[in-house]
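Structural features, examined
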Amino acid sequence: MTRKRRRLLVLAVALGLLGASTALVLSAFQDSLVFFYSPSDVVAKGPPGDRSFRLGGLVEPASVARSADGRQVTFRVTDGANAIAVAYRGILPDLFREGQGVVTEGRMLADGRFEAREVLAKHDETYMPREVADALKKSGHWKEGEPAPVGGRPAARP
Amino acid sequence: MHRFANPARFQRFSAAALPWFAGAAILCLGAGLYFSLFRSPADYQQGETVRIMYVHVPAAWMALFAYLVVAAGSVSALVWKHPLGEVVARAAAPIGAGFTLVCLVTGSLWGKPMWGAWWVWDARLTSVLVLFFLYLGYMALLGAFDDPVRGGRAASILAIVGVVNLPVIKWSVDWWNTLHQPASVARMDGPTIHPSMLLPLLLMAAGFGFYFAAVLLLRVRAELAARRIRALRLAAMEVEA
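Here, residues in each chain are numbered from 1, in the same order as that chain's written sequence. Labels are handed out in written order, letters beginning with A for the chains and numbers beginning with 1 for the ligands. Local features in a predicted model are, by the rule used here, given only for residues with pLDDT of at least 70; side-chain atom pairs are given and counted only at 80 or more, and totals for whole chains, interfaces and linings are based on all residues. Hydrogen atoms and water are omitted, and side-chain values are computed over all heavy atoms in the structure.

This next bit is on the overall build of chain A. The helix and strand labels rest on DSSP assignments: H or I over at least four residues marks a helix, E over at least two residues marks a strand, and numbering proceeds from the N terminus. When helices and strands are tallied, chain A shows four helices and six strands. For each residue, the accessible area found with a 1.4 Å probe, counting protein chains only, is set against the maximum for its type, and the residue is called buried under 20%, exposed over 50%, and partly exposed in between. Within the span of chain A, comprising 158 residues, buried residues form 34% of the whole. Restricting to contacts in chain A with at least 6 residues of sequence separation, those with at least 24 account for 43%. All accessible areas in this document rest on Shrake-Rupley with a 1.4 Å probe, and a residue is counted as covered only by the protein chains that are shown. Of the roughly 9,300 Å² of accessible surface on chain A, a fraction of 57% belongs to carbon and sulfur atoms. Any pair of residues with heavy atoms lying within 4.5 Å of one another is described as a contacting pair.

Here is the structure:
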């Protein structure tokens, strides 16, 4: 075996081992690498005690309510299967609306509500002009609160 | 690729290719900026803010691509001792670091109005920050030893080890919950961007690509010229002595 072949072999083996160990480490830390927990995660595993964590999902349609002075907002965060009531006092991002993805940070209260210190809006990977979005909604290909159809085209029905 | 590993042949090729790459970069960036700023619609969700995408996304793609170039150059320098491998890797690193910085800064400017935060520690943002540190570490290691050969070898090993970060960046948005949304263009079921917004994005991406190629050739030519001058100076000193 020439020296070049040997160097290449050593490098390939080292890279393979490195890749495998990285994959093992990342999958071992799976739970702490997620940015937020879904309502189903919280229901299944229980809230992490008094510790602050992030709760993410969609703002449930027709669940947003504001207090009389307009500073306190309550809404429900849902992932389709489970929903958790959230209370927040502060400024909401522009993208916040019913049906929109949000990530909130805060802690669970004793009564099962989630008290948020911060609310971030999450948008999806679909980009299209407003006229196309309006046309899709008008023609019935896309209903309010559903995920947007792929590429501005009507979503293929399975 | 081996054909161009000969520095003399590379000099001839790069002298001919450089003006074409530079011209294509100017054309694509000019047309891309015109389309992305004036001839593309506002997004149905994000409004005019979506125009940040036309700089942010090409910068992110090129940050990953430039790192692949650094790593490939490092492999060829370590394994085959190609004279050009290390020169190319060395020349590509600062350009890639620049792309990464542009990606991080424009992403931050985009995150504040859309998400409500300048920065979050989700898997995508954190792994891109690690990429930026890998570039900085590579460049720091190059000059960290008195013996440039040892510095080059240490930096090459770091660059190759850092390759594991590239798939993590690409698929971080699929493997974990992140605030950053999943891919819109490079995905199995086709792009989720309307054609009127995809065209300016691809024009800008081509412009960034040609810009990278042109600046890379320029930097490699400059490095080869600097090495030549150093060699000539050494030869002249030996004649005097």
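What follows picks up the thread again.
Once that is clear, we can look at the overall build of chain B. A count of helical and extended segments in chain B gives seven helices and zero strands. Mapped in sequence order, the helices and strands of chain B form the string α-α-α-α-α-α-α. On the principal axes, the C-alpha backbone points of chain B span a range of 75 × 35 × 30 Å. A total of 241 residues make up chain B; the buried ones form 47% of that total. Once local pairs closer than 6 in sequence are excluded, the contacts in chain B between residues at least 24 apart make up 75%. The sign given to each residue is positive for Lys and Arg and negative for Asp and Glu; His and the chain ends receive no count. Every charge is mapped to an atom, namely NZ of Lys, CZ of Arg, CG of Asp or CD of Glu. When the 19 basic and 11 acidic side-chain charges of chain B are each reduced to a single mean position, those positions are 7 Å apart.

Below, the discussion takes up the nonpolar core. Generally speaking, a soluble globular protein has its nonpolar side chains buried in company with each other. Counting residues in each nonpolar core, the largest one holds 63 residues, and the members touching the most others are Met53 and Phe212 of chain B. Listing elements by their share of this core, those giving two or more residues are β6 (114-122) of chain A together with α1 (7-37), α2 (53-80), α3 (83-114), α4 (123-142), α5 (148-161), α6 (165-175) and α7 (195-240) of chain B. Looking at this core element by element, the count peaks at 13 residues for α3 of chain B. Core analysis: the second largest hydrophobic core is formed by 17 residues, Val59, Ile84, Met108 and Ala116 of chain A among them. The definition of a nonpolar core used throughout is a set of buried Ala, Val, Leu, Ile, Met, Phe, Trp, Tyr and Cys residues joined through side-chain atoms within 4.5 Å.

Residue and element names in this part refer to chain B. Cavities and pockets were defined on a 1 Å grid built over protein atoms only: a cavity is a set of grid points that admits a 1.4 Å probe from which the probe cannot escape, a pocket is an open set flanked by protein on both sides within 12 Å along at least five of seven lines, and lining residues are those with an atom within 4 Å of any such point. Grid points are joined across faces, edges and corners, and a volume is the space filled by probe spheres set on the points. Taken as a whole, the second largest pocket spans an internal volume of roughly 670 Å³. Within the residue set of the lining of the second largest pocket, elements represented by two or more residues are α2, α3, α4 and α6. In terms of residue count, the dominant contributor to the lining of the second largest pocket is α2 (seven residues).

The partner chain B presents 46 residues to the 39 residues of chain A that form the contact. Between chain A and chain B lies a buried interface of about 3,700 Å² when both sides are counted; carbon and sulfur atoms form 61% of it. Note on definitions: buried area is the accessible-area loss of two parts on being combined, 1.4 Å probe, summed for both. Taken as a group, Phe35, Glu125 and Tyr127 of chain A account for 21% of the area that chain A buries against chain B, more than any other trio of residues on that side. For this analysis, a salt bridge means a side-chain nitrogen from Lys or Arg found within 4 Å of a carboxyl oxygen belonging to Asp or Glu. At the boundary of chain A and chain B, one finds one salt bridge.

Now for the environment of Asp134 of chain A. All names here are of chain A. Relative to the helices and strands, Asp134 is located in helix α4 (residues 130-138). Residue Asp134 is classed as partly exposed on the basis of its relative accessible area, which comes to 44%. Measuring from C-alpha to C-alpha, the distance between Asp134 and Ala28 comes to 44 Å, with 106 residues separating the pair along the chain.

This part takes up unusual backbone geometry. With a phi close to 60°, Ala62 of chain A is a non-glycine residue in the positive phi region. Topologically, Ala62 of chain A is positioned in the loop between β1 (53-59) and β2 (65-66). The phi angle at Lys81 of chain B is positive, at roughly 55°, despite the residue not being glycine. Position of Lys81 of chain B relative to the elements: it lies in the loop between α2 and α3.

Residue and element names in this part refer to chain B. On the secondary structure map, Ser127 appears in helix α4. In the analysis that follows, any N or O atom pair within 3.5 Å is treated as a polar contact, provided that within protein one partner can donate a hydrogen and the other can accept it, and provided that, for residues neighboring in sequence, both atoms belong to side chains. Within the structure, the side chain of Ser127 is placed 3.0 Å from the backbone oxygen of Arg124, a separation counted as a polar contact. In contact with Ser127, other than residues within four places in its own chain, are Asn165, Val168, Ile169 and Ser172.

To continue, consider the pattern of salt bridges. What the rule picks out here adds up to nine salt bridges over all chains. Two residues, Glu86 of chain B and Arg90 of chain B, come together in a salt bridge whose shortest N-O distance is 2.6 Å. Note that Glu86 of chain B and Arg90 of chain B are positioned in helix α3 at a spacing of four residues, about one turn of the helix. Under the relative-accessibility criterion, Arg90 of chain B is labelled partly exposed at 23%. Within the structure, one salt-bridge network assembled from shared partners comprises Arg54, Glu105 and Arg117 of chain A.

Before going further, it helps to spend a moment on α5 of chain B. Taking 1.5 Å per residue, 14 residues should reach 20 Å; α5 of chain B reaches 20 Å between its end C-alpha atoms and fits that length. Taken as a whole, α5 of chain B has its buried residues at Gly151, Gly152, Ala155, Ser156, Ala159 and Ile160 of chain B. Angular distribution of buried residues about the axis of α5 of chain B spans 160°; they occupy a single face of the element. Next to the buried residues of α5 of chain B lie α1 (3-28) of chain A together with α2, α3 and α4 of chain B. Here α5 of chain B starts with a cap whose side-chain oxygen sits 3.1 Å from the backbone nitrogen of Val149 of chain B, and that cap is Asp147 of chain B. A helix is expected to span 1.5 Å for every residue after the first. Here, the arc refers to the directions that run from the helix axis to the C-beta atoms.

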